[in-house]
Amino acid sequence: MSENPADSATFDALGLSSNVLKAVVDAGYQKPTPIQAQAIPFVLMGRDILGSAQTGTGKTASFTLPMIDILAQGRARARMPRSLILTPTRELAAQIAENFQIYGKYNKLTMALLIGGESFGPQIEKLDRGVDVLIATPGRLIDHFERGRILLTDVKILVIDEADRMLDMGFIPDVERIVGFLPRIRQTLFFSATFPPEVKRLADKFLMNPKEITVSRMSSAAETVEHSFFRCSGRDAEKRAAFRALLGSEDVKNALVFCNRKRDVDVLAKSLRRHGFSVAPLHGDMAQSARTETLEAFKAGKITYLVATDVAGRGLDIQGMSHVFNFDVPFHAEDYVHRIGRTGRAGAKGRAITLATPDDAKFIAAIERLLGKTIPITTIEGFVSPQATGDDGARPDRSRGRSRKSREPSGRGERSRNDRPAAPAEPAADENAGVAQPREPVAAREHDDSDQKSRRSGGRDSRSRGKPRRERQDDSREEDKVVAFGDHMPAFLSREVRIRND
Ligand code: ADP
Ligand code: MG
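These notes cover the structure that comes with them. Computed from a predicted structure; not experimentally measured.

**Quick look at the sheet that holds strand β4 (residues 133-136)**
Phase 1 of the analysis: Strand order across the open sheet formed by 7 strands is β3-β4-β2-β5-β6-β1-β7, with parallel pairing between neighbours. Edge positions in the open sheet fall to β3 (111-114) and β7 (211-214), since each of these has one partner strand only. Direction aside, the axes of adjacent strands within the sheet are offset by 10° on average.
Phase 2 of the analysis: Across 4 bridges, strand β5 (residues 157-160) lies against strand β6 (residues 187-192) in parallel orientation.

Structure representation (structure tokens):
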């Protein structure tokens, strides 16, 4: 952690009101996290903030706490929110709203949420009455703005949360448009875990003389996380068997399991369920009601394993998660950091466990570069990979090199058996059409569909017509990414040590 004197600060010393301090005590927080200690006094002074901190470092309270005090003076006018928080996914938006409720319990602030997948009615009524805080995903906000339901001319504070994820999801053009609707004189708080060039450009454009706060990459969350990588076969059924062996050897209280693709989320969740694990899938093709229900059940401890994609798992704040599993090594090293940020949060110990196939060498090398250390990969103790029989309750095994088209979950025989998907899938076709092109390497990611849907209803989808579904595009690109070693096993795949991060 940094040597900043603010690190030893107490909440009392930050200049927050007694109402907010009382709520913080009620929340059980003993002392501010480094980003909170460093940001809060400057936010209260009205300064712009450029915050760089990985997930799990307490960024939300670093802007919500001082905002509550700033907004305590003054009143909202009809349809004219006084502050705006832009966030990439509906789950994050909901979490921020929860934070405002917890910390703002002794204040009387009003708040509305504009997020994809929820009905408008009640939120519109709130907006019509006037809100202090508007929390929104970009597409949905533009939708409402274009229908004349909101005026953004009274926004005094703008928060852009998870800017790098906005970039990944292709939301930057929307964010730029929205900022264009806001008054030039305002306070802007900008947060991102990473700063690729496009995010830097935005920060330069939106911020005025910002106070820059950096909480170093491998601090807080990661310090309490123990990372382990286990070698396994790249064949589907064998990989799932290896995964079950791993689960069996760990003392798991509750865990997120990440897959790189939506369809693998369903396949893995079904397979685990057939093997008696308490598990549910979470991804962007599920109806919002099903996503919310699944999350609630997981938070309530009714489900042990939540299998998710990066987008669905992004920013989920679930207390005391004992493990994060990467069923797939993420294609992007930064996603590794985000994923493992789901465990070891707020000082708790956590385990991050990754399955590594020979195809993953390139991605592991990228993670090593990002973390600045080598990652030893071990074998799973006592595990003997079964022959690929395809009888593990999911789809038949196929070798990696085959065309991915034949592996679409809609393919015959794979949806059969007695396992229905846990949640009704919304029609997925064209869902991702109309996305502003994200930067290239993101092709293989899932895109949160909420905003795309609302855009279509905004009538701006013409440019996407006739384009193939993104998933198909992903398939072809994904194949370019496969690396095979033949007989040449890279050194890191044959090292035998388990690392502890200390
Ligand atoms: P980030 O946005 O940086 O990913 P969050 O704001 O979601 O992080 O916070 C991560 C977790 O840490 C949450 O569970 C939150 O309640 C908790 N938390 C935040 N601030 C503190 C604090 N000062 N002391 C203890 N826990 C905190
Ligand atoms: Mg956050």
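The discussion continues.
**Observations concerning the packing of helix α11 (residues 236-249) against helix α12 (residues 262-274)**
Phase 1 of the analysis: Contact geometry of α11 with α12 gives a least axis separation of 11 Å together with a crossing angle of 55°. Between α11 and α12, the crossing angle belongs to the class labelled oblique. In this structure, α11 crosses over α12, and the sense of that crossing is right-handed. Together, Arg240, Phe243, Arg244 and Leu247 of α11 and Val267, Leu268, Ser271 and Leu272 of α12 make up the contact between the two elements.
Phase 2 of the analysis: Here the residues of the contact of α11 with α12 are counted per class, giving 5 nonpolar, 1 polar and 2 charged.

**Digging into helix α2 (residues 34-44)**
Phase 1 of the analysis: In terms of burial, α2 is largely enclosed, as 8 of its 11 residues are buried.
Phase 2 of the analysis: Along α2, the positions that sit buried rather than exposed are Pro34, Ile35, Gln36, Ala37, Gln38, Ala39, Ile40 and Val43.
Phase 3 of the analysis: Contacts made by the buried residues of α2 are with β1 (49-52), α3 (59-71), β6 and β7.
Phase 4 of the analysis: Once α2 ends, the next one or two residues include Gly46, with phi positive near 90°.

**Side note on the sheet that holds strand β14 (residues 377-378)**
Phase 1 of the analysis: The strand order across the open sheet built from 7 strands is β10-β11-β9-β12-β13-β8-β14, with neighbouring strands paired in parallel fashion. If you trace the sheet from one side to the other, it starts and ends with β10 (279-282) and β14, each paired once.

**Focus: the pairing of β1**
In regular strands, side chains alternate between the two faces of the sheet.
Phase 1 of the analysis: Where burial is concerned, the two faces of β1 agree: the one with Ile49 and Gly51 and the one with Leu50 and Ser52 are both buried.
Phase 2 of the analysis: Sheet analysis places β1 next to β6, joined by 4 bridges and oriented parallel. Counterpart to Ile49 in the pairing with β6 is Leu189.
Phase 3 of the analysis: Taken together, the 4 bridges between β1 and β7 define a ladder with parallel strand orientation. Note on β7: the bridge partner recorded for Leu50 is Glu212.

**Things to note about the packing of aromatic side chains**
Phase 1 of the analysis: With the rule as written, the count across this model stands at 10 aromatic pairs.
Phase 2 of the analysis: Here Phe63 and Phe191 contribute two aromatic rings whose centre-to-centre distance is 5.4 Å and whose plane-to-plane angle is 40°, an arrangement assigned as tilted. Of this pair, Phe63 sits in helix α3 while Phe191 is found in strand β6, placing the two residues 128 residues apart along the sequence. Just as Phe63 is buried, Phe191 falls in that class too.

Analysis parameters
Residues numbered from 1 in each chain as written. Chains lettered and ligands numbered in written order. Predicted model: local features only at pLDDT ≥ 70, side-chain atom pairs only at ≥ 80, totals over all residues. Heavy atoms only, no water. Pairing = 2+ DSSP bridges. Helix = DSSP H or I, 4+ residues; strand = E, 2+ residues; numbered from the N terminus. Axes fitted to C-alpha atoms, helices over the stretch in contact; angles between N-to-C directions. Parallel < 35°, antiparallel > 145°, perpendicular 65-115°, else oblique. Left-handed = near helix turned anticlockwise from the far one by under 90°. Contact = heavy atoms within 4.5 Å. Nonpolar A, V, L, I, M, F, W, Y, C, P; charged D, E, K, R; others polar. Buried < 20%, exposed > 50% of the residue type's maximum accessible area, 1.4 Å probe, protein only. Phe/Tyr/Trp six-rings, centres within 6.5 Å; stacked < 30°, edge-to-face > 60°.

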